[in-house]
Amino acid sequence: WRGGEGAPYSTLVPSDEVTINYRHGLPVITLTLPTRSERCRFTLKPMVTTVGAFLQDVQREDKGIERAEIFATDGSKVSDATLMEVLLMNDFKLVINNTAYSVSPPVKGKLSSEHATEMEDVKSLVHRLFVALHLEDHQIRKERELLQKLDYLKEELLPLEQMKARIMDSADAKTSRLLWVGLALMSTQGGALAWLTWWVYSWDIMEPVTYFITYASAMAFYAYFVLTKQDYIYPDAKDRQFLHYFYRKSKKQHFNVERYNKLKEDLAEAEESLRRLRQPLHLRLPIQEINDKD
């Protein structure tokens, strides 16, 4: 058999001379250096290390190695740019000087089953290291972003808050005037009924009148319930009238209630996120999730 550009090798060594094991989830290739006659381990990063880099590491360990190449089982040479992860998927031959080593990587399915615990330990360690190195910077950067967002929202809300205060004052004044007008009308009605009862007519004549006035009032309260689906309770009726004046005044002055409510919600959400972010910063605990909606 001849490999590469026709360069022969004289010896084919059994596969146990070059072994591949996995430690902490990384492949470790162990082979005997020809000049030093000692076993040497090479730990690979299969997602990063290429075939060329691995061969250079082997030659760097043993300066007496003049030729180091890898061939597929069909005799074709493996490119130096091939990742070790791809190479370890199939059997291959490692040629050092004039000696060829037959290599059989572990089966990937068995590997994942046997080393699942070690892989989880490695992932846990990497996660803890990442948290220790980068979490504080992430929190500070996130805090800066939230503070900038708060400043922007407060700046947007300032003119709206001033307009809202004026509209609320106007609506409250109109509602109060309406309540006083209602009290004046009820007082006038009571006084008129008393005058008609004792000075103009008698109770016998005024009794049916008061009955129909009471019945008309009951009809008015029932009509209020039919229209609003609410009982006529004085505080609720006052609030309803206040909102009526407020929205009518807002429409006239082009006050965008929907935009104002959205800005208020965003402001409250940003303040809550900042509070939750600063709590673990103060206590040096793991950060809580800031936005459940995202």
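Because the structure is predicted, anything quoted here is derived from the model rather than measured.

**Remarks on the sheet that holds strand 4 (residues 38-43)**
Then step 1. Taking strand neighbours across the sheet as the criterion, the 3 strands line up as 2-3-4 in an open arrangement whose pairing is antiparallel. The sheet terminates laterally at strand 2 (19-23) and strand 4, the two strands that pair on one side only. Ignoring which end each strand starts from, the neighbouring axes of this sheet average 30° apart.
Then step 2. With 5 bridges connecting them, strand 2 and strand 3 (residues 26-33) associate as antiparallel partners. Bridging from a neighbouring strand, Asn-21 pairs with Val-28 of strand 3.

**What about a nonpolar patch on the surface?**
Then step 1. A cluster of nonpolar side chains, namely Trp-195, Trp-198, Trp-199, Val-200, Tyr-201 and Ile-205, defines an oily patch on the protein surface of about 790 Å² accessible area.
Then step 2. By residue number, the principal contributor to the nonpolar patch is helix 4 (residues 116-200), which donates 4 residues.
Then step 3. Assignment of secondary structure puts Val-200 in helix 4.
Then step 4. Residue classification places Val-200 among the partly exposed positions, given a relative accessible area of 39%.

**With respect to the environment of Glu-85**
Then step 1. Its location among the elements puts Glu-85 in helix 2 (residues 84-87).
Then step 2. Looking at Glu-85, the relative accessible area reads 29%, which means it is partly exposed.
Then step 3. Taking C-alpha positions, Glu-85 is 8.4 Å from Val-48, a pair spaced 37 residues apart along the chain.
Then step 4. In this structure, Glu-85 is in contact with Pro-46 and Met-47, ignoring residues within four places of it in sequence.

**Considering the confidence of the model for the protein chain**
Detailed reading of the predicted coordinates is not advisable wherever pLDDT falls low.
Then step 1. With 79% of its residues at a pLDDT of 70 or more, the protein chain has an overall mean of 78.
Then step 2. Across the protein chain, strand 5 (residues 68-72) holds the top mean pLDDT of 89, while helix 3 (residues 108-114) sits lowest at 50.
Then step 3. Segment residues 1-7 is flagged for pLDDT under 50; beyond a separation of four residues in sequence, or across chains, it makes 11 contacts in the model.
Then step 4. Confidence drops under pLDDT 50 across residues 281-294; counting only partners more than four residues distant or on other chains, this segment forms 20 contacts.

**Describing unusual backbone geometry**
Outside of glycine, negative phi angles account for most residues, and trans bonds account for most peptide bonds.
Then step 1. Not every positive phi belongs to a glycine, and Asn-97 is a case in point at roughly 55°.
Then step 2. Relative to the helices and strands, Asn-97 resides in the loop between strand 6 (92-96) and strand 7 (99-103).
Then step 3. Phi angles above zero are rare outside glycine, and His-254 is one such case at about 60°.
Then step 4. With respect to the helices and strands, His-254 occurs in the loop between helix 6 (234-252) and helix 7 (257-283).

Basis of the calculations
Residues numbered from 1 in each chain as written. Predicted model: local features only at pLDDT ≥ 70, side-chain atom pairs only at ≥ 80, totals over all residues. Heavy atoms only, no water. Pairing = 2+ DSSP bridges. Helix = DSSP H or I, 4+ residues; strand = E, 2+ residues; numbered from the N terminus. Axes fitted to C-alpha atoms, helices over the stretch in contact; angles between N-to-C directions. Patch = residues over 30% accessible without salt bridge, like charges linked within 9 Å, V, L, I, M, F, W, Y side chains within 5 Å. Areas by Shrake-Rupley, 256 points an atom, 1.4 Å probe, with all protein chains shown as cover. Salt bridge = Lys/Arg side-chain N within 4 Å of Asp/Glu carboxyl O. Buried < 20%, exposed > 50% of the residue type's maximum accessible area, 1.4 Å probe, protein only. Contact = heavy atoms within 4.5 Å. pLDDT = per-residue confidence, 0-100.

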